[in-house]
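Summary of the model geometry
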Amino acid sequence: MTRTAPDVGTAAGILRLGNLFCDAKALLTAVRLDLFSALADEPAAPEELRERLGLHGRGLSDFLALLAALGLLRRDPDGRYRNADGAGRYLVPGRPGAVAGFLRGADLNLYPVYGRLTEALRTGRPQADGDFTGMLDDPVALGHFVRMMDGLTQGLGPQLIAALEGRPYRSLLDLGGCRGHLLGQLLAARPELRGSVFDLPQMEPFFDEYLAGLGLADRAAFHPGDFFRDPLPETDVLVLGHILHDWDQEQRRQLLDKAYAAVNPGGTVLIYDRMLGEARDDIENLVASLNMLLVTEGGAEYTVSEIEAQATAAGFGSVSHRPLADYDTLVICHKD
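Here is a short report on the structure shown in this document. This is a predicted model, so every value here is computed, not measured. (Residues numbered from 1 in each chain as written. Predicted model: local features only at pLDDT ≥ 70, side-chain atom pairs only at ≥ 80, totals over all residues. Heavy atoms only, no water.)

Remarks on the overall build of the protein chain
A count of helical and extended segments in the protein chain gives 16 helices and 9 strands. Compactness check: the protein chain gives a C-alpha radius of gyration of 22 Å against a globular reference of 20 Å for 336 residues, within 12% of the reference. Considering only C-alpha atoms, the protein chain reaches an extent of 65 × 50 × 40 Å along its principal axes. Each of the 336 residues in the protein chain was classed as buried or not, and the buried ones make up 43%. Taking contacts inside the protein chain between residues at least 6 apart in sequence as the whole, the part at least 24 apart equals 66%. Total accessible area on the protein chain is roughly 16,800 Å²; 53% of this is exposed by carbon and sulfur atoms. One finds the centroid of the 32 positive side-chain charges in the protein chain at a distance of 4 Å from the centroid of its 47 negative side-chain charges. (Helix = DSSP H or I, 4+ residues; strand = E, 2+ residues; numbered from the N terminus. Rg over C-alpha atoms; globule rule 2.2 N^0.38 Å. Buried < 20%, exposed > 50% of the residue type's maximum accessible area, 1.4 Å probe, protein only. Contact = heavy atoms within 4.5 Å. Areas by Shrake-Rupley, 256 points an atom, 1.4 Å probe, with all protein chains shown as cover. Lys, Arg positive; Asp, Glu negative; His and termini not counted. Charge placed at Lys NZ, Arg CZ, Asp CG, Glu CD.)

Now the structure itself:
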């Protein structure tokens, strides 16, 4: 099914654009209810879904019909619903490429703060209730967060391996790598590679469980710490993925200086974020930059030219960039 953007040259199109948050919340709610898992193996009638998901029933028929109209479900002639191809592939947790974890985190963390965008623009202040340090003390909320981060690194491992082609390396450090979702991909692709994650101590139990589940614990290590205050372990390759956009320009400069010091001579730093100005349609990345306004003290997306200038000032001998995945840009920095 092909859907087109609303025609903002018409009143009806503008109204449709203004109501797209309703479509988004329908998807996020279906993920929160685990609807797509309930339909993973076989179709079900609305009454079956009501009982299975513990719902009241009022509004359910319209809810399922809306998801079908959005292309996420299919309705059989007998009235039962099944997952559409994309929903079955990407919205059932645990399946390769699934993004349900990210959407669950977005529902919990991002959707509420977008109601305060006006205040954020007026004050320049983040609008999330509490801060990240508060979430660190809540294992359930932190679990949602690390699975949200998994969705951002799905399938990136092979592309990063390709970017390092022709460069010798035996060690890799993922700075702020959460529970090691990306590191697991890289270790699986390179049996001789040893890797580590540097992140806050509260992430370590999630890391240990995840890498052990992959059978990779013997080649992986977790370094607890604060990457602004603590020294970074030496490594051949250092990855800064979706990290620099959390901080302001001066803090990004500090992290690049520390990355340069940590990488061995001849090593590489890989930086990826949703950098601005690289895509023909920048909507997704501009939204990502507003996300940073809403949830960080000084973060924002940035341009390739900004980060390349900072990497050169940090001392890297050659700096290049290429597209990565759907919306990210990868900047490759080599240390002579």
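Structural notes on helix 12 (residues 181-189)
With 7 of its 9 residues buried, helix 12 lies for the most part within the structure. Those residues of helix 12 that sit buried are His181, Leu182, Leu183, Gly184, Gln185, Leu186 and Leu187.

Some remarks on the packing of helix 14 (residues 249-262) against helix 16 (residues 304-314)
Interaxial distance between helix 14 and helix 16 falls to 9 Å at its minimum, and their mutual angle equals 45°. It follows from the interaxial angle that helix 14 and helix 16 lie oblique. Our pair here, helix 14 against helix 16, has a crossing hand that is right-handed. Where helix 14 approaches helix 16, its residues Gln249, Arg252, Arg253, Leu256, Asp257 and Tyr260 are matched on the opposing element by Glu306, Ile307, Gln310, Ala311 and Ala314. (Axes fitted to C-alpha atoms, helices over the stretch in contact; angles between N-to-C directions. Parallel < 35°, antiparallel > 145°, perpendicular 65-115°, else oblique. Left-handed = near helix turned anticlockwise from the far one by under 90°.)

Observations regarding unusual backbone geometry
Even without being glycine, Asp34 reaches a positive phi, approximately 65°. Looking at the secondary structure, you find Asp34 in the loop between helix 2 (20-33) and helix 3 (35-38). Classification of Asp34 by relative accessible area gives partly exposed; the value is 32%. Despite not being glycine, Cys178 has its phi angle at roughly 55°, a positive value. Locating Cys178 in the fold gives a position in the loop between strand 3 (171-175) and helix 12. The buried category is assigned to Cys178, whose relative accessible area is 5%.

As for the sheet that holds strand 9 (residues 328-334)
With mixed pairing, the 7 strands of this open sheet are ordered in space as 5-4-3-6-7-9-8. Lying at the two open borders of the sheet, with one neighbouring strand each, are strand 5 (220-224) and strand 8 (318-324). On average, adjacent strands in this sheet sit at an angle of 20° to one another, irrespective of strand direction. Two strands pair when backbone bridges link them, and strand 6 (residues 235-241) and strand 7 (residues 263-273) are joined in this way by 6 bridges, in the parallel orientation. (Pairing = 2+ DSSP bridges.)

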